[in-house]
Amino acid sequence: MSTAMPETIPYDEALNLFEPVFGLEVHVEMGTNSKMFCGCPTAFGGEPNTQVCPVCLGLPGSMPVVNRTAVESTIRIGLALNCTIAEWCRFARKNYFYPDMPKDYQISQYDEPLCSNGYLDVTVATAEGPKVVRVEIERVHMEEDTGKLTHTGGATGRIHGADYSLVDYNRAGIPLIEIVTKPVAGAGHLVADVAKAYVAELRDLMRALGVSDVRMEEGSLRCDVNLSLNKPGSPMGTRSETKNVNSLRSVERAVRSEVERQSALLTAGGRVVQETRHFHEDIGRSTSGRSKEQAEDYRYFPEPDLVPIAPSAVWIDELRSTLPELPSAKRSRLEAEWGITPFELATVVNAGALDLVEETIEAGVESAAARKWWTGELLRSANDQGIELADLPVTPAHIARVEALVADGSLNDKLARQVFEGVIAGEGDVDEVIASRGLAVVSDDTALLAAIDEALVAQPDVAEKIRSGKVQAAGAIVGAVMKSTRGQADAAKVRALLLERLGVTDA
Amino acid sequence: MTAITRAEVAHLATLARLDLTETELDHYAQQLDVILQSVARVSEIATADIPATSHPLPLENVFRDDIARPCLDRAEVLAAAPAHEDDRFRVPRILDEEV
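Just so it is clear, the structure is predicted and the values come from calculations on it, not from any experiment.

Definitions and cut-offs
- Residues numbered from 1 in each chain as written.
- Chains lettered and ligands numbered in written order.
- Predicted model: local features only at pLDDT ≥ 70, side-chain atom pairs only at ≥ 80, totals over all residues.
- Helix = DSSP H or I, 4+ residues; strand = E, 2+ residues; numbered from the N terminus.
- Buried ≥ 20, exposed ≤ 12 C-beta atoms within 10 Å, placed from the backbone.
- Pairing = 2+ DSSP bridges.
- Axes fitted to C-alpha atoms, helices over the stretch in contact; angles between N-to-C directions.
- Parallel < 35°, antiparallel > 145°, perpendicular 65-115°, else oblique.
- Left-handed = near helix turned anticlockwise from the far one by under 90°.
- Contact = placed C-beta atoms within 7 Å.
- Nonpolar A, V, L, I, M, F, W, Y, C, P; charged D, E, K, R; others polar.

Across its full length, chain B carries three helices and three strands. Considering only C-alpha atoms, chain B reaches an extent of 55 × 45 × 25 Å along its principal axes. Burial analysis of chain B (99 residues in total) assigns 7% to the buried set.

In structure tokens, the structure reads:
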């Protein structure tokens, strides 16, 4: 056939022709101290195979014991997602032959998830303003993470063409929560935005609950994206499952690229194959993996080494009472309290500065100033160092102190920045940095006048211009004075003194 | 009536990555059939008032506190493996499969 069929149809055009249905499976690594079934530590980035024991290595005779905190975290997630908590449930063995699990099975949950039938409301921006979409949750269950494989040899480092693989089992056995949505239909052109907003909302929820730090770049939140298209009024189409979707941007891109690919296939009279696809962050699209039609056969059966979990109503109520204010409620409250738009709040949230800004405001700082410091100067500094804002040595109390000194005229904005620079460099608290760096607004008129005279002598032509009434030329002299006082003067005051000195009035 | 067919045994062997000969398939199919038929006799005793169980002891909610404990010595762990490299376990290449 010589007529080339397009491989993709542009996103919006595709969604004029088809209705999308998506579903997401999100895996979140819990931030527990120890693994799901053994006492090995869970810290990220350890030397290979130093966080292993007989249980997570699957050595003969070893027996798993369930981590209570991981169960509690799962129940709290279930409650926050409006789920029903099972009165009784069991773990199951998922049998598969792959070296990322040394036991040749993964302990998971199968037909008895701990939490089921919940929902999460997410907000997406549209041309008509914010729109709330309810994403229904099918289940939330517990399992253990797998080890990390490195494929060696071959050209690409991927499996195909690899000569052999190397395995690090540090990650094997870390508590993993799988959150599965029901199919979400009716999102239309917003489908990519809704999928992304859902994952972002889940991430914020996990952080608010304190169950995971959710560092996506470290793989502590990973998504599989299911997507199908159907003609309006037709039944749901065949879906593909895209794995390795490990950033918010990729969730959006994975949905978009599948919409574009499947719509082209269907329009050309082809059919979508039910398959697993692999998303590649670098190129922003997926490639075909194994076909689902060679049916997966995991031979699940109840895990005989573990006893059932039967959370009592009392225990569930106790856990419910530990739920914090949830992110959506908190956002609405803060928008109102701080008098800011959802967009301005999003800037704070995206900077990871919500709690810090809140504490700073509680410490007596104006909302605008608190937001300015955390999402400006301090965020830049944290980014430069590759650390989180919360890990900077600057505290809300430091900002409150600096702002008080700015308010009483002891510091100006430029000096305030130098103070934070000093605090970040470990030179002490605000007052110590001011003392050791000699940072204070020069308010001594005699000293300022001396500096002004010096600048006038150095730039006689500018002095003449000002005298002749060209007041706008004063900037050059003010700048020189600010420079000679190392920014420690109040520019407005210097200007006033200068004009007075030359007997010129401000036009 | 057999409890397990030869084809089912062949399928299980594939899942377990066991390369069985035709003779072995016959042999194991017969053996497994005897085992399954014996186990099936237990089901005859079980009546509606005896619920199925996955565990012999009537226990629930057995947990451990979330406390990190010392791990195994890596050199010792790797020494027990057939092959290792760069402080990792070395395993044969995996074809046509990606998890």
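Still more to cover.
A few words on the sheet that holds strand E8 (residues 148-152) of chain A. Overall, antiparallel pairing links the four strands, which are arranged E8(A)-E9(A)-E3(B)-E2(B) in an open sheet. In this open sheet, the two edge strands, each paired with only one partner strand, are E8 of chain A together with strand E2 (84-85) of chain B. Direction of pairing for E8 of chain A relative to strand E9 (residues 164-168) of chain A: antiparallel, over a ladder of five bridges. In the strand pairing of E9 of chain A, His151 of chain A is matched with Ser165 of chain A.

Before going further, it helps to spend a moment on unusual backbone geometry. Residues and elements named next belong to chain A. In this structure, Asp104 takes a positive phi of about 70° despite not being glycine. Tracing the backbone shows Asp104 in the loop between strand E4 (92-95) and strand E5 (105-108). The backbone of Asn244 sits at a positive phi, close to 70°, despite the residue not being glycine. With respect to the helices, strands and loops of the structure, Asn244 is situated in strand E13 (residues 240-245).

Moving on, we get to the packing of helix H8 (residues 354-362) of chain A against helix H11 (residues 396-407) of chain A. Residues and elements named next belong to chain A. The N-to-C vectors of H8 and H11 enclose an angle of 45°; their axes lie 8 Å apart at closest approach. By the angle between their directions, the pair H8 and H11 is classed as oblique. For the pair H8 and H11, the crossing hand works out as right-handed. For the pair H8 and H11, the contacting residues are Leu356, Glu359 and Thr360 in the first and Pro396, Ile399 and Ala400 in the second. Partitioning the contact of H8 with H11 into residue classes produces four nonpolar, one polar and one charged.

Let's shift gears to the sheet that holds E4 of chain A. Paired through their backbone hydrogen bonds, the strands of a sheet run either parallel or antiparallel. If you trace the three strands from one edge of the open sheet to the other, you get E5-E4-E16 (chain A), paired in antiparallel fashion. Of all strands in the sheet, those with a lone pairing partner are E5 and strand E16 (301-302) of chain A, marking the two edges.

All names here are of chain A. In this structure, Asp490 sits in the loop between helix H16 (474-484) and helix H17 (491-502). Overall, the presence of 18 C-beta atoms within 10 Å leaves Asp490 in the partly exposed class. Remark: the alpha-carbon pair of Asp490 and Glu388, spanning 102 residues in sequence, is separated by 33 Å. Beyond its immediate chain neighbours, meaning those up to four positions away, Asp490 contacts Gly409, Asn412 and Val441.

No statement about biological role is implied by the geometric values presented.
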